[in-house]
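What follows is each chain in one-letter form.
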Amino acid sequence: MSAPRQVVVLGASGFLGSAVVRALAADPGVRVRAVSRRPVVVPEPFAGRVEVCTADLTERGALARVVAGADAVLPFMARIRGASGWRLSEDDTEAERVNVGLLRDLVALLAERAPVAEDPPAIVFPGSNTQVGRVTAELIDGSEPDRPTGFTTGRSTPPRPC
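Residues numbered from 1 in each chain as written. Predicted model: local features only at pLDDT ≥ 70, side-chain atom pairs only at ≥ 80, totals over all residues. Heavy atoms only, no water.

**Q** Could you clarify how one ought to interpret the overall build of the chain in this entry?
**A** Each helix and strand counted, the chain has four helices and five strands in total. Counting from the amino terminus, the chain carries its helices and strands in the arrangement β-α-β-β-α-β-α-β-α. Split into buried and exposed, the 162 residues of the chain put 35% on the buried side. A fraction of 54% describes how many contacts in the chain between residues 6 or more apart in sequence connect residues 24 or more apart. (Helix = DSSP H or I, 4+ residues; strand = E, 2+ residues; numbered from the N terminus. Buried < 20%, exposed > 50% of the residue type's maximum accessible area, 1.4 Å probe, protein only. Contact = heavy atoms within 4.5 Å.)

**Q** I'm lost on the sheet that holds strand β2 (residues 30-36) in this one. Help?
**A** Where strands meet in a sheet, backbone hydrogen bonds hold them as pairs that are either parallel or antiparallel. Here we have five strands laid out as an open sheet, ordered β3-β2-β1-β4-β5, and parallel in their pairing. Every other strand in the sheet has two partners, leaving β3 (50-54) and β5 (122-123) as the edge strands with one partner each. As defined by bridge partners, strand β1 (residues 5-10) adjoins β2 across six bridges and the pair is classed as parallel. Following the sheet pairing, glutamine 6 is matched in β2 by arginine 31. (Pairing = 2+ DSSP bridges.)

**Q** Just to check I follow, could you spell out the environment of arginine 33 for this structure?
**A** In this structure, arginine 33 sits in strand β2. Here arginine 33 is in contact with Gln6, Val7, Val8, Val9, Glu51, Cys53, Arg65, Val66, Val67 and Ala68, once residues within four sequence places are set aside. Side chain to side chain, arginine 33 and glutamate 51 meet in a polar contact 3.0 Å long. (Polar contact = N/O pair within 3.5 Å; in protein donor to acceptor, adjacent residues only side chain to side chain.)

Pasting the structure below:
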């Protein structure tokens, strides 16, 4: 039997991140590292299966420490204030740093490691149904063209994948 895969969930105390941590913790083939600025509450049946790390990922070296040894990284970290979404204004540099800058840093960090790693970690970027737009199929498999609707049409260009 192969060793469990190490999955790192960034933003593990948020709405989506906490749900993903619970789902992954239920899988015996996965070791979960839950990373957040705030305390992460892990439900009792999964407490021994989740490594909890409190970190401010904007601090130098923190991102490298928490993704060390990862097979996959799920970046759910976000700075959201109120109902207005991920950025209050074009000059909201703090939200820009967390919501876009940290993802750029993650891609750059893993790209640096890629030449020496046998199997570099995957970055699994969360999306939403507003990214795809209305579809008629029952199952969305990723082959559909994106036809954004709602709030996603106003976002700035995401970082380029490596």
